[in-house]
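Working through the structure, step by step
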Amino acid sequence: MPVFDFNNTPENAKEPECTYEVFYSSVSQTSPEHPILILDNHAGQLKHHTSGMFTNPIRKTAFEFKGTDGTASADIVKIDARFVSLLKWLGESHINVRLSGADTEEGYAVYKIREIAFGGAGKLSAEDGFLQFMIERLLSSDAPSEDIPDEEEEESGDSMKLTSIQSITDFMNCAGRTLPDNIRLWARRNLAVARSQEVSAEERRHAQRALSIMMNIQWKGNYFPSVDPDEAKRILDEELYGMERVKQRIIETIIQINRTHTLPAYGLLLIGPAGTGKSQIAYAVARILKLPWTTLDMSSINDPEQLTGSSRIYANAKPGIIMDAFSMAGESNLVFIINELDKAASGKGNGNPADVLLTLLDNLGFTDNYIECMIPTVGVYPIATANDKEQISAPLMSRFAVIEIPDYTPEEKKVIFSRYALPKVLRRIGMREDECTLTPDGLEAVIDLHRNTSGIRDLEQAAEHIAANALYQIEVNHVEQVRFDSAMVKELLG
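Every value quoted in this text rests on a predicted model; they were computed, and no experiment measured them. (Residues numbered from 1 in each chain as written. Predicted model: local features only at pLDDT ≥ 70, side-chain atom pairs only at ≥ 80, totals over all residues. Heavy atoms only, no water.)

1. A closer look at the overall build of the chain
Formally: To qualify as a helix, a DSSP run of H or I must reach at least 4 residues; to qualify as a strand, a run of E must reach at least 2; elements of each kind are numbered from the N terminus. The classification of residues rests on relative accessible area computed with a 1.4 Å probe and restricted to protein chains. Under 20% of the type maximum is buried, over 50% is exposed, and intermediate values are partly exposed. Residue-level accessible areas treat just the shown protein chains as cover; the underlying method is Shrake-Rupley with a 1.4 Å probe.
The helix and strand inventory of the chain stands at 17 helices and 17 strands. Classification of the 494 residues of the chain by burial places 47% in the buried group. When the accessible surface of the chain is summed, it comes to about 24,600 Å², and 49% of that surface belongs to carbon and sulfur atoms.

Okay, here's the thing in structure tokens:
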């Protein structure tokens, strides 16, 4: 097992002896069984909530605290590889901390580190939130590779002295290895620009803004847990009545994750009439995959720059909608719901927005003109919706598994209206189901009035109208219940 040695001593000084070993873990929650580090506690002086300070880990003694006979010290025995840089930063920054831990056979197992105010006894420091943010990010990352060399030392000093720049610098020092290689190098370059006095204030502002966006996104790996088919079917049943073949086709597409633990090679393209539940299916798939989701409405996009962002050479430059989506989600693995894909082919002459989508859909990476960095897209699962597949270009179609959503039959509409749409409205406005009912011919009249409409959106509006009328009669005319027959339905909705 490798041993890390932070050797900053002069050549003629005695070689320091590192007291700890590094272990590799990918657990996302710490506990006495899965600690951040283990301290030597043979003297038995370390207790739960011991306060003290990490010294620079080049020394044998790595944690100092107030013991029974004055200042005591404890060697670090083991450290989770993800936290080596964090402990080095805590020591070099002389940050006062409180440890939560438990005695084990190996030593004092530390599973929580909190920053406390100097002279404040057990009072937490105002900066503890930043420390917990970094610990959370480190826990959500994989263990670093054993052969990754130490990062080059950061240049000393920070001429801007801005809290946000300092926070980004600290994060890079402590958790930089959790970032993809290209983003880590990009961040170091932009940090140099944000600090520099040799560039304009505008360039520094743009660099700082871009860093803030990128550092607040959790850049996750491309491993995805298995999908439970029964749970997936239950979620789809909640959003979609009938259409068993459609549900099976959706599960067939995403169930590939169970063997590969990567996202399917193709996204989903849901094609069908308006109101057939395409968007609800997309949200349901996001729930099945347990991923955050974001939406992109192609009907409102007429310039590729809206997607790709604008160059920093402009004073009012900003990131594009796609980059904003990553920022809002807060992580790189997400479901991208592209509404009205059939509207993506039209532009104002500045280029075709559909061409921009191709780079996103190919999972080869996406570059935003403002960020100026290749964004990994291996964790992006696209789900598109459209009404007319004839308006979608062949290159776009080839990036999806196409699933056509048929319109509902009259019999299916009856079931949806009587069992789902109307009861849902009654629950929402606080009415009992027996207060608003329909006769069989009244239900037939509702369906007949909407025989030429696609989907169920108009049926849901009809349910709203009928329930509102029933409530009006109960409250104003003081009747106990209302039962709508064919004539009443036709008079109300006709």
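2. So, the environment of Y108
The line we're drawing: Polar contact criterion, stated in full: a pair of N or O atoms within 3.5 Å, where within protein one must be able to donate a hydrogen and the other to accept it, and residues adjacent in sequence count only if both atoms are side-chain atoms.
The topology assignment puts Y108 in strand 8 (residues 108-115). Considering only alpha carbons, one finds Y108 and N41, 67 residues apart in sequence, at a separation of 5.8 Å. Separated by 2.8 Å, the side chain of Y108 and the backbone oxygen of K47 make a polar contact.

3. Thoughts on the confidence of the model for the chain
Using the following cut-off: pLDDT: the predictor's confidence for each residue, scored from 0 to 100. We call two residues in contact whenever any of their non-hydrogen atoms come within 4.5 Å of each other.
Averaged over the chain, the pLDDT score is 83; the fraction of residues at 70 or greater is 89%. Between residues 1-16, whose pLDDT stays under 50, and residues either more than four places distant or in other chains, the model counts 30 contacts. Taken together, the stretch residues 148-163 has pLDDT below 50 and engages in 27 contacts with residues farther than four places along the chain or on a different chain.

4. Some words on helix 4 (residues 181-195)
Heads up, the rule is: Here a helix's expected span is defined as the number of its residues, less one, multiplied by 1.5 Å. Directions drawn from the helix axis to the C-beta atoms are what define this arc.
Here helix 4 spans 21 Å end to end across 15 residues, near enough to the 21 Å set by a 1.5 Å rise per residue. Every buried residue belonging to helix 4 is among I183, R184, W186, A187, N190, L191, A194 and R195, and all of these are buried. On an axial view of helix 4, the arc spanned by its buried residues comes to 160°, and they lie on one face. Exposed residues lying more than 90 degrees from the buried face of helix 4 are D181 and R189.

5. With respect to the sheet that holds strand 15 (residues 400-404)
The condition that has to hold: Note on pairing: DSSP must find at least two bridges between two strands before they are called paired. Each axis is a line fitted through C-alpha atoms, taken for helices only over the stretch in contact, and angles between the N-to-C directions span 0 to 180 degrees.
Strand order across the open sheet formed by five strands is 10-11-14-9-15, with parallel pairing between neighbours. Taken across any chain shown, the strands that pair with only one partner, and hence form the sheet edges, are strand 10 (293-297) and strand 15. Taking the axes of each pair of neighbouring strands and ignoring which way they run, one obtains an average angle of 20° across the sheet. As defined by bridge partners, strand 9 (residues 267-271) adjoins strand 14 (residues 380-386) across four bridges and the pair is classed as parallel. Looking at the pairing, L268 lines up with I383 of strand 14. Across the sheet, helix 7 (residues 244-254) lies against strand 9, strand 14 and strand 15, angled at about 170° from strand 15, the strand it touches most. Lying on the sheet, helix 12 (residues 353-361) is in contact with strand 10, strand 11 (334-339), strand 14 and strand 15; it crosses strand 11 at an angle near 155°.

6. A look at unusual backbone geometry
Comment: phi is negative for the bulk of residues other than glycine, and the bulk of peptide bonds are trans. Of note in this structure, K290 is not a glycine but carries a positive phi near 55°. For K290, the position within the fold is in the loop between helix 9 (278-289) and strand 10. Of note in this structure, E340 is not a glycine but carries a positive phi near 55°. In this fold, E340 is placed in the loop between strand 11 and helix 12. E340 gets classed as partly exposed once you look at its relative accessible area, which sits at 26%.

7. Structural notes on the nonpolar core
Worth spelling out the cut-off: What is meant by a nonpolar core is a set of buried Ala, Val, Leu, Ile, Met, Phe, Trp, Tyr and Cys residues, joined one to another through side-chain atoms within 4.5 Å.
Among the nonpolar cores identified, the biggest contains 85 residues, and I113 and L341 are the most heavily contacted of them. Sequence-distant contacts of L341, defined by excluding residues within four places in its chain, comprise L269, M298, L357, A384, T385, A386, I392, L396 and F400. Counting 56 residues, the second largest nonpolar core, distinct from the first, contains A401, A421, I456 and A463.

8. Concerning the packing of helix 15 (residues 440-449) against helix 17 (residues 486-493)
Keep this limit in mind: Less than a right angle of anticlockwise turn of the near helix away from the far helix marks a crossing as left-handed, whereas a clockwise turn marks it as right-handed. Three classes are used, and their members are as follows: Ala, Val, Leu, Ile, Met, Phe, Trp, Tyr, Cys and Pro are nonpolar, Asp, Glu, Lys and Arg are charged, and the others, Gly among them, are polar.
Helix 17 packs onto helix 15 with a crossing angle of 35° between their chain directions and a minimal axis gap of 7 Å. Handedness of the helix 15/helix 17 crossing: right-handed. Here D441, G442, A445, V446 and L449 of helix 15 come into contact with helix 17, specifically with S486, V489, K490 and L493. Class assignment of the residues belonging to the contact of helix 15 with helix 17 gives a composition of five nonpolar, two polar and two charged.

9. Considerations on the pattern of salt bridges
To keep things clear, this is the line we draw: For this document, the term salt bridge refers to a Lys or Arg side-chain nitrogen within 4 Å of an Asp or Glu carboxyl oxygen.
The tally for this structure, following the rule as stated, stands at 22 salt bridges. Close ionic contact of E244 with K233 constitutes a salt bridge, the shortest N to O distance being 3.2 Å. Of this pair, E244 sits in helix 7 while K233 sits in helix 6 (residues 229-239); the two residues are 11 residues apart in sequence, bridging distant segments of the chain. R249 is the salt-bridge partner of E252, the closest N and O atoms lying 4.0 Å from each other. On the criterion of helical spacing, the pair formed by E252 and R249 is a turn pair, its members being three residues apart in helix 7. The exposure class of E252 is partly exposed, given its relative accessible area of 34%.

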